[in-house]
Amino acid sequence: MKKRLCLILTLVIITVFTATVFSACGGEAHNGEYNLQSGKKYIREDDAKDLAYEQNYLLFNADGTGEYRNYYIFDGDLYSKYNEDYTIKFKYTYVDADKSAVVCFYDSIEFGEYHNDERDTYSGWSRLYTVSKNVICTASSSMVFYINENYIKELPNYLEK
């Protein structure tokens, strides 16, 4: 019982912290028009200029499921044994009533043909994201954000090479 109470308290603290830290990411009102867009890819900002099959992205479905695509291929002999090519299937739930944050929980994984990194255990994968129509944010050691595939088209100067 104490473990469960600590877990709930930890999630509440993380949620409050995230709401504070990410207020810049989700600055628009959540009145339906700005909510998470299901069926649309949210592409990691560093990958917006990459070919589609090389992009890391999040995809949320209306049924509470989604996928996290991770693709990193290392050049050179030293790091090539750590190639990452996989898609995590997850289930998600909203953290708050205004649907400005979701928590995603691992469901299954599919490895791509280039994956050869056996270092990680994926079943413990989970993420907390603030969400909006155009951008999804998360924080780890740095701020990471994903841009809705439709919104990227509205940023032509961002995509210039």
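Definitions and limits used
- Each chain carries its own residue numbering, running from 1 in the written order of its sequence.
- In view of the model being predicted, local features appear only for residues whose pLDDT reaches at least 70, and side-chain atom pairs are presented and counted only at 80 or more, with totals across whole chains, interfaces and linings using the full set of residues.
- The side-chain values count all of the structure's non-hydrogen atoms but skip hydrogen atoms and water molecules.
- Only DSSP runs of H or I reaching four residues or more are called helices, and only runs of E reaching two or more are called strands; each is numbered from the N terminus.
- Contact criterion: two residues are considered in contact whenever any of their non-hydrogen atoms come within 4.5 Å of each other.
- Using a 1.4 Å probe, the Shrake-Rupley method yields the accessible areas, and only the shown protein chains count as cover for residues.
- Side-chain atoms alone can form a polar contact between residues adjacent in sequence; in general such a contact is a pair of N or O atoms within 3.5 Å, and within protein one must be able to donate a hydrogen while the other accepts it.
- For the purposes of this section, nonpolar cores are sets of buried Ala, Val, Leu, Ile, Met, Phe, Trp, Tyr and Cys residues that join through side-chain atoms within 4.5 Å.
- To sort residues, take the accessible area from a 1.4 Å probe on protein chains only and compare it with the maximum for the residue type: under 20% means buried, over 50% means exposed, and anything in between is partly exposed.
- DSSP-based pairing: two strands are paired if at least 2 bridges between them are found.
- Working convention: axes come from line fits to C-alpha atoms, limited for helices to the stretch in contact. Angles between N-to-C directions cover 0 to 180 degrees.
- Each salt bridge in this description consists of a side-chain nitrogen of Lys or Arg and a carboxyl oxygen of Asp or Glu lying within 4 Å of one another.
- Here the aromatic set is Phe, Tyr and Trp, taking the six-membered ring for Trp, and pairing holds for ring centres within 6.5 Å; pairs whose planes are under 30 degrees apart are stacked, those over 60 apart are edge-to-face, and all others are tilted.
- The rule for a charge over a ring is simple: NZ of Lys or CZ of Arg within 6 Å of the ring centre, and within 35 degrees of the ring normal.

Trainee: Which parts of the structure should I look at to understand the overall build of the protein?
Mentor: Within the protein one finds two helices and eight strands. The order of α-helices and β-strands along the protein, N terminus first, is α-β-β-β-β-β-β-β-β-α. Considering only intrachain contacts with a sequence separation of at least 6, the fraction spanning at least 24 residues in the protein is 52%. For the protein, the accessible surface area stands at approximately 10,000 Å², while carbon and sulfur atoms represent 53% of it.

Trainee: Got a minute to help me understand the side chain of Asn 70 in this structure?
Mentor: Mapping Asn 70 onto the fold places it in strand 3 (residues 65-72). Engagement of the side chain of Asn 70 in a polar contact is seen with the side chain of Glu 84, the distance being 2.8 Å. Ignoring sequence-local partners within four residues, the contact set of Asn 70 consists of Asn 56, Glu 84, Asp 85 and Tyr 86.

Trainee: What's the story with the nonpolar core in this structure? I'm lost.
Mentor: Side chains of a nonpolar character, in soluble globular proteins, are inclined to be buried together. In terms of nonpolar packing, the biggest core is built from 18 residues, with Leu 58, Phe 60, Tyr 68, Tyr 129 and Ile 136 touching the most fellow members. Those elements that provide at least two residues to this core are strand 2 (57-60), strand 4 (84-94), strand 5 (101-111), strand 6 (126-131) and strand 8 (143-148). The contact partners of Ile 136, leaving out residues within four places of it in the chain, are Leu 36, Tyr 42, Leu 58, Phe 60, Tyr 129, Thr 130, Val 131, Val 144, Phe 145 and Tyr 146.

Trainee: Just checking my understanding: could you explain the sheet that holds strand 1 (residues 41-44) for this structure?
Mentor: Think of a sheet as strands paired side by side through backbone hydrogen bonds, with each pair either parallel or antiparallel. With antiparallel pairing, the eight strands of this closed barrel are ordered in space as 1-2-3-4-5-6-7-8. The average angle at which neighbouring strand axes cross in this sheet is 30°, direction not considered. In terms of strand pairing, strand 1 meets strand 2 through three bridges, oriented antiparallel. Paired with Lys 41 across the two strands is Leu 59, which belongs to strand 2.

Trainee: Where do I start with unusual backbone geometry in this structure?
Mentor: Leave glycine aside and you will find that most residues have negative phi; peptide bonds, for their part, are mostly trans. The phi dihedral of Lys 99 is positive, around 55°, even though this residue is not glycine. Structurally, Lys 99 can be placed in the loop between strand 4 and strand 5.

Trainee: When you look at the pattern of salt bridges in this model, what are you seeing that I'm missing?
Mentor: Any two side chains of opposite charge can pair, on the condition that their charged atoms come close. Applying the stated rule across the entire model yields three salt bridges. The partner of Glu 67 in a salt bridge is Lys 89, and the shortest N-O contact between them spans 3.0 Å. Residue Glu 67 is found in strand 3, and its partner Lys 89 is found in strand 4; the two are separated by 22 residues along the sequence. Relative accessible area serves as the criterion here: at 22%, Lys 89 is assigned to the partly exposed category.

Trainee: How do you make sense of the packing of aromatic side chains when you look at a structure like this?
Mentor: How two aromatic rings sit relative to each other is set out by the distance from centre to centre and by the angle between their planes. Tallied over the entire structure, the rule returns nine aromatic pairs. When the centroid spacing of 6.5 Å and the interplanar angle of 80° are considered together, the rings of Tyr 42 and Phe 60 count as edge-to-face. Separated by 18 residues along the polypeptide, Tyr 42 in strand 1 and Phe 60 in strand 2 bring together distant segments of the chain. Across the pair, Phe 60 and Tyr 42 agree in class, each one buried. Each ring, one from Phe 60 and one from Tyr 92, has its centre 5.1 Å from the other, and the planes form 85°; the classification is edge-to-face. With Phe 60 in strand 2 and Tyr 92 in strand 4, this residue pair connects regions lying 32 residues apart in the sequence. Considered together, Phe 60 and Tyr 92 belong to a single accessibility category, that of buried residues. Put simply, the rings of Tyr 42, Phe 60, Tyr 68, Phe 90, Tyr 92, Tyr 94 and Trp 125 touch in pairs and so form one group of aromatic residues. Positioned above the aromatic ring of Tyr 57, the side-chain terminus of Lys 41 is 4.5 Å from the ring centre.

By themselves, these figures tell us nothing about what the structure is for.
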